[in-house]
Every structure is written in C-alpha cells, then in structure tokens.
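Chains, contacts and geometry: an overview
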Amino acid sequence: MVLFDTTTGSGSSGTEARSSTGLRILRVFRIARVARLGSLFKAMPELLTMVRGMVAATRSVFSMFLVLVIIIYMYAVFFTQMLAGTETGQGCFDNVPQAMNCLLLDGVFADQASFVTKLLDASLGYYVLVLTYLFLVTLTVMNLLIGVVCEVVETVARKSKDEILIQSLVQ
C-alpha cells in the first residue's frame, strides 16, 4: 500500500481505503487460481503423489545436501592448503569460500573436463584427488539422493494407493 501511495503521490485516507479494497479483490482472484490446482490434482492423482513424496522426502534431501556441503568443505580446505598461491590455484583456490564455490560450480554443476585437465596439468596427485572428489560427490552422494527421493515417492504412492483402495471398499 505504501508503494501505491508513493507511485500515485497521494496519501489521503480515502485513497488508502480504495486501494486496499482493490488489493482484497486481487487476493480473491489469487485464491481462485490456487483452487484450480485442486482440480488438477483430482484429474492427475500421480501429480499429487509426486508432491506428497517430495514433501515427505524433504528431511532426507536436506540431510544429503548437508553431506554434500561437508564433502565440498573438506576438499576446499585441502585444495586451498595445497594450491593457494600457485598458478594452478589462482582464481579458484585462494581461500576456502572461493574454493567451495569453485568446487561446487566447476565440479558438480558444470562440465568437468577443463577443470580436471587444469589440475592434471599441475600434478597427477591433484588429478587423482579431484577425481575422488567427483566420484564421491557426483556418483555416490547424488545417486544416493536420487535413491532416497525414489524410495520416499514409492512409499507415498503405495500409501496413497492403499488409502484409495480402502475408500473404495468402504463405499
């Protein structure tokens, strides 16, 4: 409402009452849009099952993200200790937060070829270390995360199917 008053240049109480009434009408339309989601869930019960599964998996997903952050932190400390001040570590391993960012962006979310090649050019030991990091993070933790989410979604789907079966038997 303050934004409305500053953009129109008015501050009278009559204008405020009209603007708040208009905002209330807009809120009603927003609620109507949410109600359409209910009909979508009725038409596609699989979608509701997926949403329930994602909500149920929130704790497990958060735990896996925490494990990922811990692994990234451990390797960031190691690479910062080994590569700080070197040409290989310049711009990526000068300090721990920068190293964590570099490991996350270049190691987890991007194509890793140029990153691994840069460390291979410096030393075979760094190459082996970055490969173990990539194996731990991308192959182990990420696949474990996928497995956790799939297991939770399967459990929720089975529970939803049982509830539907019980409701149909009661009727």
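Definitions and limits used
- Residues numbered from 1 in each chain as written.
- Predicted model: local features only at pLDDT ≥ 70, side-chain atom pairs only at ≥ 80, totals over all residues.
- Heavy atoms only, no water.
- pLDDT = per-residue confidence, 0-100.
- Helix = DSSP H or I, 4+ residues; strand = E, 2+ residues; numbered from the N terminus.
- Contact = heavy atoms within 4.5 Å.
- Core = buried A, V, L, I, M, F, W, Y, C linked by side-chain atoms within 4.5 Å.
- Buried < 20%, exposed > 50% of the residue type's maximum accessible area, 1.4 Å probe, protein only.
- Axes fitted to C-alpha atoms, helices over the stretch in contact; angles between N-to-C directions.
- Parallel < 35°, antiparallel > 145°, perpendicular 65-115°, else oblique.
- Left-handed = near helix turned anticlockwise from the far one by under 90°.
- Disulfide = S-S within 2.5 Å.
- Phe/Tyr/Trp six-rings, centres within 6.5 Å; stacked < 30°, edge-to-face > 60°.
- Patch = residues over 30% accessible without salt bridge, like charges linked within 9 Å, V, L, I, M, F, W, Y side chains within 5 Å.
- Areas by Shrake-Rupley, 256 points an atom, 1.4 Å probe, with all protein chains shown as cover.
- Salt bridge = Lys/Arg side-chain N within 4 Å of Asp/Glu carboxyl O.
- Expected span 1.5 Å × (residues − 1).

Notes on the confidence of the model for the protein
The pLDDT averaged across the protein works out to 76; a share of 75% of its residues lies at or above 70. Per-element confidence in the protein ranges from a low mean pLDDT of 43 for helix 1 (residues 2–8) to a high of 87 for helix 4 (residues 58–83). Confidence drops under pLDDT 50 across residues 1–12; counting only partners more than four residues distant or on other chains, this segment forms 9 contacts.

Some words on the nonpolar core
In this structure, Phe79, Phe93, Leu103, Phe115, Leu119 and Tyr133 are the most contacted members of the largest nonpolar core, which totals 28 residues. Secondary-structure elements contributing two or more residues to this core are helix 4, helix 5 (96–108), helix 6 (113–122) and helix 7 (124–170). Excluding anything up to four places from it in sequence, Phe115 contacts Cys92, Phe93, Cys102, Leu103, Asp106 and Val130.

Quick word on the packing of helix 4 against helix 5
Contact geometry of helix 4 with helix 5 gives a least axis separation of 8 Å together with a crossing angle of 120°. One element, helix 4, and the other, helix 5, form an angle in the oblique class. As helix 4 runs across helix 5, the sense of the crossing is right-handed. Here Val69, Ile72, Tyr73, Tyr75, Ala76, Val77, Phe79 and Thr80 of helix 4 lie close against helix 5, whose contacting residues are Val96, Ala99, Met100, Leu103 and Leu104.

Things to note about the state of the cysteines
Per the stated rule, a full pass over the model turns up 1 disulfide. Covalently, Cys92 is tied to Cys102 through a disulfide, its sulfur atoms 1.6 Å apart. Residues Cys92 and Cys102 are joined through a disulfide that is left-handed, its torsion about the S-S bond being -105°. Separated by 10 residues along the polypeptide, Cys92 in the loop between helix 4 and helix 5 and Cys102 in helix 5 bring together distant segments of the chain. In this structure, Cys92 and Cys102 share a single accessibility class: buried.

Structural notes on the side chain of Thr88
By the secondary structure assignment, Thr88 is in the loop between helix 4 and helix 5. Ignoring any residue separated from it by four or fewer positions in sequence, one finds Thr88 in contact with Leu83, Lys118, Leu119 and Ala122.

Description of the packing of aromatic side chains
Counted according to the given criterion, the structure contains 4 aromatic pairs. A centroid spacing of 5.9 Å and a plane angle of 65° characterise the contact between Phe78 and Phe79, whose relative ring orientation is edge-to-face. You can call Phe79 buried: its relative accessible area is 0%. Summarising the aromatic geometry, the rings of Phe79 and Phe93 are spaced 5.2 Å apart at their centres and angled 40° between planes, so their arrangement reads as tilted.

Quick notes on a nonpolar patch on the surface
Judged by side-chain polarity, Leu40, Met44, Leu47, Val51 and Val55 come together as a nonpolar surface patch covering roughly 380 Å² of accessible area. A total of 3 residues in the nonpolar patch trace back to one element, the largest contributor, which is helix 3 (residues 45–56). Mapped onto the elements of the fold, Met44 is located in the loop between helix 2 (13–43) and helix 3.

Remarks on helix 4
Its 26 residues place the ends of helix 4 36 Å apart at the C-alpha level, agreeing with the 38 Å of an ideal helix rising 1.5 Å per residue. Every buried residue of helix 4 is listed here: Val61, Met64, Leu68, Ile71, Ile72, Tyr75, Ala76, Phe79, Thr80 and Leu83. One or two residues past the end of helix 4 sits Gly85, with phi positive at roughly 85°.

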